[in-house]
Amino acid sequence: MELAANVLQKFEQACSEIHLYDLAVRADCRRQGIPTALIQRPRALAAEHRASSGFVQADTEQGDEAAIALCRRLGSGREVLHVDIGVEARALEPG
């Protein structure tokens, strides 16, 4: 099980946001409350970082209805535009 989260400082306000970047739970560990418990930890840390909100992206193209349902149960959803910005190949080279 893995959870990656970031604190994003907002420049236009004196607060920050919590971004739950990735949550991975093995199939045999699902439906036991583990994902919910993992998400609760960053929510608790939000106060320490003066976070006004938190968000998680859900990829609807992958058909992960269970993950989307969990996120909706724990928060409120809204449709947003996500734009991937390409990077130059040399930026990915080591060194």
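The preceding data block contains the structure.
Residues numbered from 1 in each chain as written. Predicted model: local features only at pLDDT ≥ 70, side-chain atom pairs only at ≥ 80, totals over all residues. Heavy atoms only, no water.

As a further point, take the pairing of strand 2 (residues 16-24). For a regular strand, the rule is simple: side chains alternate between the two faces of the sheet. Sheet topology places strand 1 (residues 2-9) next to strand 2; 8 bridges connect them, and they run antiparallel. Bridged to Ala 4 within strand 2 is Asp 22. Connecting strand 1 to the next strand, strand 2, in antiparallel fashion are 6 residues. Relative to strand 3 (residues 51-56), strand 2 is paired through 5 bridges, and the arrangement is parallel. Paired with Ser 16 across the bridge in strand 3 is Ala 51. Crossover connection from strand 2 via helix 1 (residues 34-45) to parallel strand 3: handedness right-handed. (Pairing = 2+ DSSP bridges. Helix = DSSP H or I, 4+ residues; strand = E, 2+ residues; numbered from the N terminus. Right-handed = clockwise from strand over helix to strand, strands pointing away.)

To continue, consider the sheet that holds strand 3. Taken together, 3 strands build an open sheet; the order of strands is 1-2-3 and the sheet is mixed. Each edge of the open sheet carries a strand with a single partner, namely strand 1 and strand 3. Between one strand axis and the next, the sheet turns by 20 degrees as a mean value, whatever way the strands run. The sheet strands contacting helix 1 are strand 1 and strand 2, and the helix crosses strand 2 at an angle near 155 degrees. (Axes fitted to C-alpha atoms, helices over the stretch in contact; angles between N-to-C directions. Contact = heavy atoms within 4.5 Å.)

To continue, consider the layout of surface pockets. What the largest pocket holds in volume is close to 2100 Å³. Lining the largest pocket are 49 residues, with Val 56, Gln 57, Ala 58, Ala 67 and Cys 71 positioned closest to its centre. Of all the secondary structure elements, the ones that give two or more residues to the lining of the largest pocket are strand 2, helix 1, strand 3 and helix 2 (65-74). Here the element with the most residues in the lining of the largest pocket is helix 2; it accounts for 9 residues. (1 Å grid on protein atoms, 1.4 Å probe; cavity = no way out; pocket = protein on both sides within 12 Å on 5 of 7 lines; lining within 4 Å. Points joined across faces, edges and corners; volume = space filled by probe spheres on them.)

Ranked by size, the top nonpolar core spans 6 residues in total: Ile 18, Leu 20, Ile 39, Ala 46, Leu 70 and Leu 74. Looking at this core, the elements with two or more residues in it are strand 2 and helix 2. Apart from residues lying up to four places away in sequence, Leu 70 is in contact with Pro 35, Thr 36 and Ile 39. (Core = buried A, V, L, I, M, F, W, Y, C linked by side-chain atoms within 4.5 Å. Buried < 20%, exposed > 50% of the residue type's maximum accessible area, 1.4 Å probe, protein only.)

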